[in-house]
Amino acid sequence: MLDVPAVTPVIHVKDAYKFYGSVQVLGGITMSVQPGTIYGLLGPSGCGKTTLMNCIVGSNHIDSGTIQFSFSEHKDLGFMPQEISLHTYLSIKEVMIFYGYLFSMDDEKIRERAKLLSEMLDLPPLHKMVSNLSGGQQRRVSLAVALLHDPKVLILDEPTVGLDPVLSSALWDRLQEMSQAGKTIIITTHYIEEARQANMIGLMRNGRMLREDSPNALLQRYNAEYLEDVFLVLCAQDNEASKNIQQVPAINYSKSTTFESSKTISYERVKALVWKNICLAKRNFLMTLFIILLPIVLNCCVELAYGHDPVGLPIGFINKEFQDSLQRCPLTYTNNCVLANDTHWASCAFIHELREKSYEMREYADIEKAVEDYEKKRIWSIVSFASNYTESLTERVKLGTQSEGAVIEAGTVLAHISRWDHLMYTFLVRDFYMALNRTIENSLQSCSSFVSPGALRSPMQMNTPVYGGIGVELIVHFIMGFNIITILFCPMVYSCACILDEKEQGVIDRVLCCGATMRELLASHLFLQLIMLIVHCIELYIVTYSIFSNPLEGSSFFIIVMLAITALTGALAGTVLGLVTEHLMLAVNLGVSFNFIMAYTSGLFWPLQGAHPAIRDYLPYLPITGTITAARSISLKGHGLKNLEVIGGLISNVGWCLAMAVLLLITVKTWKGPWNSKK
Ligand SMILES: Nc1ncnc2c1ncn2[C@@H]1O[C@H](COP(=O)(O)OP(=O)(O)OP(=O)(O)O)[C@@H](O)[C@H]1O
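Residue numbers run consecutively from 1 along every chain, following the written order of its sequence. Where local features are concerned, this predicted model is filtered to residues with pLDDT of at least 70; where side-chain atom pairs are given and counted, the filter is 80 or more; whole-chain, interface and lining totals use all residues. Each side-chain value is worked out from all heavy atoms of the structure, with water and hydrogens disregarded.

1. Let's talk about the state of the cysteines
The disulfide criterion used throughout: a pair of cysteine sulfur atoms within 2.5 Å. For the structure on display, the rule yields one disulfide. Each sulfur in the disulfide pair Cys329 and Cys348 lies 1.8 Å from the other. With the S-S dihedral at roughly -70°, the linkage between Cys329 and Cys348 falls on the left-handed side. Linking Cys329 in the loop between α10 (325-328) and α11 (346-356) with Cys348 in helix α11, this pair joins segments that are 19 residues apart in sequence. Working definition: with a 1.4 Å probe on protein chains only, accessible area under 20% of the residue-type maximum means buried, over 50% means exposed, and in between means partly exposed. You can call Cys348 buried: its relative accessible area is 1%. Free cysteine Cys47: the closest other cysteine sulfur is in Cys235, separated by 9.8 Å. You can call Cys47 buried: its relative accessible area is 3%. With no disulfide of its own, Cys55 has Cys513 as its nearest cysteine by sulfur position, at a separation of 11 Å. Exposure remark for Cys55: the relative accessible area of 3% places this residue in the buried category. Going along the chain from the N terminus, every DSSP run of H or I of four or more residues is numbered as a helix, and every run of E of two or more is numbered as a strand.

2. Some points on helix α3 (residues 107-120)
The span you would expect from a helix comes to 1.5 Å times its residue count less one. Its 14 residues give α3 an end-to-end C-alpha distance of 20 Å, which sits within 8% of 20 Å, the value for a rise of 1.5 Å per residue. Elements in contact with the buried residues of α3: α2 (92-102) and α4 (135-147). Backbone geometry just after α3 places Asp122 at a positive phi near 55°. The contact criterion used is simple: two residues touch if any of their non-hydrogen atoms lie within 4.5 Å.

3. Digging into unusual backbone geometry
The backbone phi angle of Asp150 is positive, close to 55°, even though this residue is not glycine. With respect to the helices and strands, the residue Asp150 is situated in the loop between α4 and β6 (153-157).

4. Observations concerning the site of the ligand
Working definition: residue near molecule or strand if any one of its non-hydrogen atoms lies within 4 Å of it. For the ligand, the set of nearby residues contains 14 residues, the closest of which are Ser45, Gly46, Thr50, Thr51 and Gln82. Here a polar contact is recorded for every N or O atom pair within 3.5 Å, except that within protein the pair must consist of a potential hydrogen donor and a potential acceptor, and residues adjacent in sequence are included only if both atoms are side-chain atoms. Between the ligand and Ser45 there is a distance of 2.5 Å, counted from an oxygen atom to a side-chain nitrogen or oxygen. Cys47 is positioned with one of its backbone polar atoms (N or O) 3.1 Å from an oxygen atom of the ligand. Accessible areas in this description were obtained via Shrake-Rupley with a 1.4 Å probe; residue shielding takes into account the shown protein chains only. Starting from 630 Å² of accessible surface for the ligand in isolation, the protein chains cover 65%. Ranked by residue count, the leading element in the shell around the ligand is helix α1 (residues 49-57), at three residues. Among the residues making up the shell around the ligand, the classes are represented as four nonpolar, seven polar and three charged. Charged means Asp, Glu, Lys or Arg here, nonpolar means Ala, Val, Leu, Ile, Met, Phe, Trp, Tyr, Cys or Pro, and polar covers whatever is left, Gly included.

5. Topic: the sheet that holds strand β3 (residues 38-42)
Two strands form a pair only when DSSP identifies at least two bridges running between them. If you trace the six strands from one edge of the open sheet to the other, you get β5-β6-β7-β3-β8-β9, paired in mixed fashion. Each edge of the open sheet carries a strand with a single partner, namely β5 (77-80) and β9 (208-213). If you compare each strand with its neighbour and ignore which way they point, the axes differ by 15° on average. Note: strand β8 (residues 200-205) against β9, five bridges, orientation antiparallel. Residue pairing for β9: Leu203 is matched across the bridge by Arg211. Interaxial angles span 0 to 180 degrees and are taken between N-to-C directions of axes, which are lines fitted to C-alpha atoms, for helices over the stretch in contact. Strands β3, β5, β6, β7 (184-189) and β8 of the sheet are contacted by α1, whose axis makes an angle of about 150° with β6.

6. Re the packing of aromatic side chains
For Phe, Tyr and Trp, rings pair up if their centres lie within 6.5 Å, where Trp contributes its six-membered ring, and each pair is then called stacked (planes under 30 degrees apart), edge-to-face (over 60) or tilted (otherwise). Throughout the structure, instances matching the rule amount to 16 aromatic pairs. Seen in terms of ring centroids, Tyr306 and Phe478 are 5.2 Å apart; in terms of plane orientation they differ by 80°. Their pairing is edge-to-face. Of this pair, Tyr306 sits in the loop between α9 (285-305) and β11 (314-319) while Phe478 is found in helix α17 (residues 474-504), placing the two residues 172 residues apart along the sequence. With a centroid separation of 5.7 Å and an interplanar angle of 55°, the aromatic rings of Phe557 and Phe558 are classed as tilted. Note on Phe558: relative accessible area 17%, which makes it buried. Through successive ring pairs, a cluster of aromatic residues spans Tyr306, Phe478, Phe482, Phe596, Tyr600 and Phe605.

7. Re the environment of Asn319
You can see Asn319 is positioned in strand β11. When the C-alpha atoms of Asn319 and Leu604 are compared, they prove to be 42 Å apart, with 285 residues separating the residues in sequence. In this structure, Asn319 is in contact with Ser325, Ser347, Ile351, Glu363 and Phe385, ignoring residues within four places of it in sequence. Here the side chain of Asn319 touches Ser325 through a polar contact of 3.2 Å, side chain to side chain. A distance of 3.0 Å separates a polar atom in the side chain of Asn319 from a polar atom in the side chain of Ser347.

8. So, the confidence of the model for the protein
As a general rule, the predicted coordinates of low-pLDDT regions are not to be interpreted in detail. Across the protein, pLDDT averages 88, with 94% of residues at or above 70. This complex was scored by the predictor with a pTM of 0.85 and an ipTM of 0.96. A score from 0 to 100, pLDDT tells how confident the predictor is in each residue.

9. Quick look at the pairing of strand β13 (residues 381-385)
By the criterion of burial, β13 is predominantly enclosed, with five of the five residues buried. Burial along β13 is two-sided: Ser381, Val383 and Phe385 and Ile382 and Ser384, pointing in opposite directions, are all buried.

10. A short note on the UniProt feature "transmembrane region" (unreviewed entry) in the protein
Mapped onto this structure's residue numbering, the UniProt feature "transmembrane region" (unreviewed entry) falls at residues 285-306, 466-494, 526-545, 557-580, 586-606 and 646-668. Overall, residues 557-580 shows 100% helix and 0% strand. The separation of its end C-alpha atoms is 35 Å. In residues 586-606, the share of helix is 76% and the share of strand is 0%. The end C-alpha atoms are 29 Å apart. UniProt positions are given in the numbering used here, feature names are shortened, and annotations may be inferred rather than shown by experiment.

11. Description of the packing of α9 against α17
At a minimum axis distance of 9 Å, the contact between α9 and α17 shows a crossing angle of 160°. The pairing of α9 with α17 is recorded here as roughly antiparallel in orientation. You can see that α9 and α17 cross each other, and the crossing is right-handed. Residues Met287, Ile291, Leu294, Pro295, Leu298, Asn299, Val302 and Glu303 of α9 touch α17, and the partners they reach there are Ile475, Ile479, Phe482, Asn483, Thr486, Cys490, Tyr494 and Ala497. The residue inventory of the contact of α9 with α17, partitioned by class, reads 12 nonpolar, three polar and one charged. Orientation is classified from the angle alone, with under 35 degrees giving roughly parallel, over 145 giving roughly antiparallel, 65 to 115 giving roughly perpendicular, and any other angle giving oblique. Whether a crossing is left-handed or right-handed is set by the direction in which the near helix is turned from the far one by less than a right angle, anticlockwise for left-handed and clockwise for right-handed.

12. Quick notes on the sheet that holds strand β14 (residues 414-417)
Read across the open sheet, the four strands follow the order β12-β11-β13-β14; overall the sheet is mixed. The strands lining the two open edges of the sheet, one partner per strand, are β12 (360-363) and β14. Sheet twist, expressed as the average angle between the axes of neighbouring strands with direction ignored, equals 25°. Relative to β13, β11 runs parallel, the two sharing four bridges. Across the sheet, Ile318 pairs through a bridge with Ser384, a residue of β13. On the sheet, α11 packs against β11, β12 and β13 and is oriented at approximately 155° with respect to β13.

13. With respect to the nonpolar core
Counting residues in each nonpolar core, the largest one holds 109 residues, and the members touching the most others are Tyr99, Leu102, Leu156 and Leu175. When residues in this core are grouped by element, the largest group, 12 residues, is from α17. The criterion is simple. A nonpolar core is a set of buried Ala, Val, Leu, Ile, Met, Phe, Trp, Tyr and Cys residues joined through side-chain atoms within 4.5 Å. In terms of nonpolar packing, the next biggest core, distinct from the first, is built from 30 residues, Phe317, Leu339, Val397 and Ile417 among them.

If you want it as structure tokens, here you go:
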């Protein structure tokens, strides 16, 4: 049972303990603040004053003990944290409006209070941005915010730090006026003497309360002229007492506070938070524009630089049939039999096909020079034709299986393809075979006087593809994968940056002290994220399908839904990242690494079937793998909800989004410490 004093205190702390790891920061603090008084909490730096204040206002939690309040509404409390804890990119006026809205004040009332406080605290012009104010001016704005809604109880953590003596004395005068008007004020300071003007002081040391009494009573009891002398005597007594303590008192691990946060979401507060987010987005215009345009830029980069066949590759060739092939070869070969023909040669037909495919054919007179250029990577391949190539080919076609080895050899094109670039090697091999096939299709099949056209055809023929077409470029296959990773990444970075920015400025805790809940704060952030993700989805859709005309065989609705859900997953993941990390640098590294891992393991760059057997079976379950497969299935094959790939992709898409939402809720529920990177 709590032994409640005769007059119900406004705030009553009993046996409060707080640990950071194994370090005890508060060691059984008991304090009572009577209504209509100024309570000065004094003590040297690091003795635990801020920790105690944060535990009282709810931005931190005691591990054991009780904190009781005579009031239960946040609007009765005004808190000025030790750090400035304001959005520095807002103007003073915007800061006032935001906190006014949080307390459901109307514009008129906010204007009135802002004017009054501006005069009382000698604030700079209200249009000035907080970031452009001096340290002292920022502290006065912070104090004005605490006083804005005219609370009954004021908790001020070191309000006089950074103030000159004149302002400091004026502030104490104001505080006295307010206490005489019935307000209760708790003020922490390590300037012990200034607390003479308080009605009651609590002297703290090493997380413990040494004495709690009025300044005059303390001065009298210790027969001292200054409070500092009283503090020194108490410290000396405390040192003696510490020597005699044999046992650490048992700690009762129960805690309770009676100043609970709201259980329902307040529309007014969410509106205030959204208003503030929009103000910040407008103020950080370049950053907002960058985030809006980033998906377009990334998509354009991919569309323009990725997945297209290489063009203009230099290929060296030696044609021993005759010199100056590039000049002497006829320009067209279609339907001209090149065998036993005085004006057409088979080598020319092959060279012609490669030129048609945009290769830059370079003729060499001798193999030595060609090899030198090949070794110096000036050409990608050397193709050579024997001096009797056409003649041998003609004979080979005529004799078929009867052909001699020498004839077969002379009638074969020899190609050396560099393997220093694996992808290029694949392109060259593909194009050389295609060039050979076309040579047969266009030139040799016309030679019916020698051979039946069908006999020359390759024993394997590629039918018309079921999906897509011959000559479709790789970009068509890749683009949706890139879009999915882009739409995961951009909202993740943006949401993470927004949350971390607030955490680093310490505003989350301040906003929570004003009665807002974490759910309201996250809802306001997600609102902006939703607008942003709608913009991102529309942009990506337009750029991909309208500007770059990629094929879309299936439902555009499903494509947009998948993009939107992926973006939401990214926004939720970014929010979690922002909440659990302390610094932007760490968050950026984690976020970028996560996206790289997703890109590498999602089948975006390489088919999943080619992955190592140890991971191959697990890759389809990763966040964007199924989504990419489904998006490709919809856009390239026209599949819909009856297709297993699409169904699997949608389940994975929605499942991961829900998983991130649950992770976010768990993070918020289980987080113990303050939402402040500087703590
Ligand atoms: N997040 C934290 N993790 C670990 N230790 C912490 C953390 N925050 C504060 N501390 C430690 O707790 C002790 C009390 O800190 P606190 O900020 O409450 O002191 P204070 O009396 O307000 O000091 P000051 O007057 O300098 O602000 C200090 O030793 C500090 O190093």
